[in-house]
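# A structural walkthrough
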Amino acid sequence: MDITINTSRDKHICVGILAHVDAGKTTLSEALLYTAGALRKLGRVDHKDAFLDNFSLERERGITIFSKQANFAWKNLEIALLDTPGHVDFSAEMERTLQVLDYCILVISGADGVQGHTATLWKLLKKYGVPTFLFVNKMDQPGADKATLLAELQSKLSSGCLEFGDDAEASEELFFEELSMCSEELVEEYLETGGLKDSSVAEAIVQRKLFPCYFGSALRLEGVEELLDGLCRYAKVREYPSEFGARVYKISRDKAGNRLTHLKVTGGVLRVKMAVTNENSATSPEECWEEKADAIRIYDGAGFQAVNSVSAGGVCAVTGLSRTFVGQGLGYEKKNAVPVLIPLLTYRLILPEGADVVKVLGQMRSLEEEAPELHVVWRESLREIHVQVMGEVQTEILRSLIRERFDLEVDFSDGKLLYKETIAAPVVGIGHFEPLRHYAEVHLLLEPGEPGSGLTFASVCSEDELDKNWQRLIFTHLEEKTHLGVLTGSPITDMKITLLTGRAHQKHTEGGDFRQATYRALRQGLMQAESILLEPVFSFSLEVPTEQLGRAMSDIQRMCGSFDPPVTEGNLSILTGSAPVATMRGYQREVNAFTRGLGRLSCILKGYEPCHNAEEIIRETGYDAERDLENPSSSVFCAHGAGFVVNWREVPDYAHLENSWSSAENAEKENSDEAGMAFRAVQAAAVGGNSQTGSGRNDYITQEEIEEIFQRTYGKSVQEYAPYRHHQQNTGSTAGGQEKPAEKDAVSEKNWNSGQASAKERYASDLREKYFLVDGYNIIFAWEDLRSLAEINIDSARDRLMDICCNYQGYDGATLILVFDAYKVKGNPGSVQKYHNIYVVYTREAETADQYIEKTVHKIGRKHHVTVATSDALEQMIIWGDGAVRLSAGGFREAVREAEQRMREEYKGDKKLSHKICIPESKK
């Protein structure tokens with residue numbers, strides 16, 4: 001007979017149980033199952049017979065290590081219960097269940113109140129948006145006061161924590177009045193009707209504005225039935241789409257070694273032998289797969305029931321899916337969940353003598369699938385396996401798991417904190433990979449990100465420069481591995497990585513080429529950057545007797561921590577602040593000692609901050625980034641049919657693509673160079689007048705770079721005053737062609753000296769840097785031939801003008817800047833591109849070429865010779881006022897023709913060119 005699991009009752013929900021360790025979470029799970037009639041005998045953790053703690057390690061240690069599923073019904077409510085670990089070292093196992101929960105029961109110890117890990121759980125529940133019921137357990141113990149605990153919940157968690165149950169609901173009017181204060185909708189309903197509907201209260205719970213609190217003792221079954229009644233009364237059933245979808249929350253293996261994918265069906269129906277795919281959540285076509293669900297199991301503790309189908313809202317385990325991972329979306333689900341909790345410690349796995357390290361690596365990878373808090377790292381150069389875990393207790397569990405499953409006795413080295421790295425300022429990384437018959441080049445902009453932001457990716461690369469498929473592949477390679485920093489080889493974080501540009505070869509580029517180019521670009525950028533070592537930091541709350549406050553404050557300062565002004569509550573003083581994990585680990589033992597057990601320390605991971613002893617850690621690590629062969633920073637170029645390696649320092653000199661982005665540090669170094677400042681003014685006008693693009697980076701080409709480009713193309717430039725000296729040598733005269741008077745007549749000598757000085761001034765003036773700015777579209781529509789071409793294809797007209805300007809610059813010698821209005825895409829921040837021997841500026845969005853030229857002339861017009869080719873009469877008045885000369889479109893046309901004629905004559909040998917072209921005054 002076919003068995004199908006569906007919502008046969010009125011309601012079907014998935015509920016998880018979370019708690020700080022030893023709050024009585026597993027005991028409550030047992031009580032819920034026993035009260036609902038799912039268990040005949042009430043198990044206990046201390047008796048090692050709890051229904052859900054069915055692994056030998058769990059019963060031996062008395063803690064929950066793996067999340068488990070149990071199923072039961074209460075009245076018209078069918079519940080899939082997920083019991084999760086409470087120990088902080090296994091909190092990642094807990095976190096992954098949050099993404100599939102409809103509701104959560106957060107267990108609070110009545111004896112301890114809100115503890116450190118409870119605050120972490122509360123933040124996670126808020127992040128995942130899980131509606132929450134609270135059960136305050138152990139109320140039978142001495143000192144557990146309901147009013148005090150409720151006030152603590154309201155102050156430390158939420159003001160929406162209100163008491164529910166028979167006692168609280170005895171006075172309906174007072175109960176409704178308290179509930180109505182949680183949301184505007186409840187206030188309005190209460191004022192209009194004098195009461196509240198169950199559906200309205202349920203909606204407030206779903207919106208996380210109201211958190212029902214029940215008090216009792218799970219061990220004595222007190223308050224358990226009230227909690228079940230509350231779930232039945234106020235839980236709402238989610239509406240699911242008809243299209244199939246599912247979310248994976250766990251990977252495990254059964255005793256026979258079959259791989260199990262634990263998931264919640266979030267839409268439609270999952271049937272045996274149905275094709276399941278990740279097409280919508282895959283980040284690239286290469287990651288897409290389709291496999292069949294061979295079998296479907298509904299687990300209940302250690303046992304399971306095989307079924308043929310599961311409807312939306314159901315939780316099950318599936319065999320036959322080999323490529324799933326925790327957090328993955330299947331079917332219509334479009335996103336994969338990213339965990340918040342991360343490992344803090346790293347250990348080296350010590351293998352017994354004679355063990356096959358490669359075989360063990362494969363076994364550890366299978367464990368990594370099942371335990372998301374375990375990260376396995378293979379150090380190829382050292383042939384070592386390293387594991388990253390949440391805490392020391394997890395290594396003990398790992399040791400037992402490896403012994404039990406693989407019959408292998410392993411050990412672990414002393415644990416080290418897991419550091420991370422970021423950068424202090426933006427930098428561009430270039431990667432090139434071109435061995436014979438391969439080709440790829442990638443330019444990446446690395447920018448510091450907000451603390452805790454991780455790695456984010458963006459692209460400003462046009463699809464005209466690099467096809468979308470290649471761009472997508474670059475992002476896949478950026479996301480597919482953990483990239484290491486260059487200080488200690490720690491993972492990088494808190495950076496924005498932007499694809500600036502890239503190039504592929506139509507014939508020789510393969511997918512693997514961009515992997516190499518991307519890795520090398522990122523690494524090359526890191527090698528240039530100013531890197532910062534980050535360490536994990538705790539946010540702490542320390543309660544000590546007031547007389548011990550001075551000792552506590554001294555300890556925090558000694559641990560390189562910081563704290564807010566202390567708060568006194570009765571005989572206790574409370575310190576809150578942050579301190580490095582490296583210094584605060586194990587401090588609880590000290591607190592217990594000097595307060596005689598009266599002090600309490602609660603720590604939660606705040607995030608990563610700059611390391612307090614970075615130099616010491618870097619020195620102890622001894623990492624050499626240039627010797628890390630697995631993460632090369634060099635690039636591979638090709639010449640004469642063979643590839644050769646170029647050191648990361650020299651890669652920009654060999655790169656095939658121009659890099660128009662320059663760092664702020666270089667800008668500061670060149671601010672003293674007047675010519676450099678002038679050209680930066682040109683660049684600044686292109687991107688908004690302040691040398692800053694929308695992304696906050698300096699975007700200019702320095703004068704030194706311009707001179708270097710010209711020297712490569714045309715040889716070294718003429719030295720200062722060379723024409724003056726050349727004139728003297730060839731004419732035998734002094735400046736201006738005047739011979740020095742033979743007779744030392746006083747007046748003649750004075751006149752000669754005056755003429756000599758005037759000539760020098762004229763030559764010096766002529767040798768100032770010359771700039772020639774061209775209003776591109778103004779010229780195109782003023783010249784008949786270009787206007788006709790523009791009517792057919794504006795791009796062709798623009799290209800034609802660019803070629804004309806290149807020829808003219810080669811003759812005239814001035815720095816020629818061709819300016820076009822923003823024409824590309826909305827949001828264009830402006831750009832400067834090198835085109836042969838000229839510079840082409842595309843102004844930012846909504847900025848005209850006139851505005852750009854006016855800004856540029858205003859900044860450099862009185863320092864340099866500046867000529868502007870335009871027919872805009874208004875612009876003529878403005879640039880004259882700033883010291884520039886205007887050349888009309890007709891005058892520019894005549895100058896171009898004259899230059900072309902002179903070059904033809906020189907080429908034919910009819911006439912040698914002995915001076916630069918002189919623009920007629922009538923044309924200016």
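Calculation rules
Residues numbered from 1 in each chain as written. Predicted model: local features only at pLDDT ≥ 70, side-chain atom pairs only at ≥ 80, totals over all residues. Heavy atoms only, no water. Helix = DSSP H or I, 4+ residues; strand = E, 2+ residues; numbered from the N terminus. Buried < 20%, exposed > 50% of the residue type's maximum accessible area, 1.4 Å probe, protein only. Contact = heavy atoms within 4.5 Å. Areas by Shrake-Rupley, 256 points an atom, 1.4 Å probe, with all protein chains shown as cover. Pairing = 2+ DSSP bridges. Axes fitted to C-alpha atoms, helices over the stretch in contact; angles between N-to-C directions. Polar contact = N/O pair within 3.5 Å; in protein donor to acceptor, adjacent residues only side chain to side chain. Expected span 1.5 Å × (residues − 1). Salt bridge = Lys/Arg side-chain N within 4 Å of Asp/Glu carboxyl O.

Now for the overall build of the protein chain. Summing up its helical and strand segments, the protein chain has 29 helices and 41 strands in all. Out of the 924 residues belonging to the protein chain, those deemed buried represent 50%. Within the protein chain, counting contacts between residues at least 6 apart in sequence, those at least 24 apart form 70% of the total. Of the roughly 44,100 Å² that the protein chain leaves accessible, carbon and sulfur atoms contribute 48%.

Take the sheet that holds strand β2 (residues 11–19) next. Sheet architecture is open: 7 strands sit in the order β3-β4-β2-β5-β6-β8-β7, paired in mixed fashion. Each edge of the open sheet is held by one strand with a lone partner, namely β3 (68–74) and β7 (161–163). Within the sheet, the average angular offset between the axes of one strand and its neighbour, ignoring direction, is 30 degrees.

Turning to the side chain of Thr488, a few remarks are in order. Topologically, Thr488 is positioned in the loop between α12 (468–479) and β28 (495–504). On the accessibility criterion, Thr488 (11% relative accessible area) is buried. There is a polar contact of 2.6 Å between the side chain of Thr488 and the side chain of Ser490. Those residues within four positions of Thr488 in sequence are excluded, and the remaining contacts are Glu421, Leu533, Ile617, Ile618, Thr621 and Tyr623.

For the rest of this paragraph, the subject is the pairing of strand β4 (residues 77–83). Counted residue by residue, β4 has 7 buried out of 7 residues, so it is predominantly covered. Of the two faces of β4, the one carrying Leu77, Ile79, Leu81 and Asp83 and the one carrying Glu78, Ala80 and Leu82 are both buried. In terms of strand pairing, β2 meets β4 through 7 bridges, oriented parallel. Opposite Cys14, over in β4, you have Ala80 as the bridge partner. Looking at chain direction, β3 and β4 are connected through 7 bridges and run antiparallel. Opposite Lys68, over in β4, you have Asp83 as the bridge partner. Connecting β3 to the antiparallel partner β4 that follows it, the hairpin turn spans 2 residues, and Lys75 within it adopts a positive phi of roughly 55 degrees.

One way to put it is that helix α6 (residues 172–180) packs onto helix α7 (residues 184–193) with a least axis distance of 8 Å and a crossing angle of 145 degrees. Here α6 contributes Glu173, Phe176, Glu177, Leu179 and Ser180 to the contact with α7, which in turn contributes Leu186, Val187 and Tyr190.

With that settled, consider helix α26 (residues 794–812). The end-to-end C-alpha distance of α26, which contains 19 residues, comes to 26 Å, matching closely the 27 Å that a straight helix rising 1.5 Å per residue would cover. Turning to α26, its buried residues number three or more, namely Ala797, Arg798, Leu801, Met802, Ile804, Cys805, Cys806, Tyr808, Gln809, Tyr811 and Asp812.

Right, let's get into the sheet that holds strand β36 (residues 770–775). Spatial strand order, β38-β39-β37-β36-β40-β41: 6 strands in an open sheet with mixed pairing. Strands with a single pairing partner mark the edges of an open sheet, and in this sheet they are β38 (831–835) and β41 (885–887). Between one strand axis and the next, the sheet turns by 25 degrees as a mean value, whatever way the strands run. In this sheet, strand β37 (residues 815–820) lies alongside β36 in parallel orientation, the contact comprising 5 bridges. Following the sheet pairing, Asp775 is matched in β37 by Val819. Contacts between α26 and the sheet are confined to β36, β37, β38 and β39 (838–842), with β37 contributing the most and set at about 165 degrees to the helix. Along the sheet, helix α27 (residues 849–860) makes contact with β36, β37, β39 and β40 (865–869), crossing β36 at roughly 165 degrees.

Following the sequence through the fold, Gly223 ends up in the loop between β8 (211–215) and α9 (224–234). Given a relative accessible area of 19%, Gly223 falls into the buried group. For the pair Gly223 and Asn137, spaced 86 residues apart in the sequence, the C-alpha separation amounts to 8.9 Å. The contacts of Gly223, once residues within four sequence positions are left out, are Phe135, Phe215 and Gly216.

Once that is clear, we can look at the pattern of salt bridges. If the charged atoms of two oppositely charged side chains come close together, the side chains can form a pair. Applying the stated rule across the entire model yields 36 salt bridges. In this structure, Asp411 engages Arg399 in a salt bridge whose closest nitrogen and oxygen atoms are separated by 3.1 Å. Of this pair, Asp411 sits in strand β22 (residues 411–412) while Arg399 sits in helix α11 (residues 392–406), and the two are 12 residues apart along the sequence. Salt bridges here are not isolated pairs; linked through shared partners, they connect Glu152, Lys156, Glu543 and Arg600.

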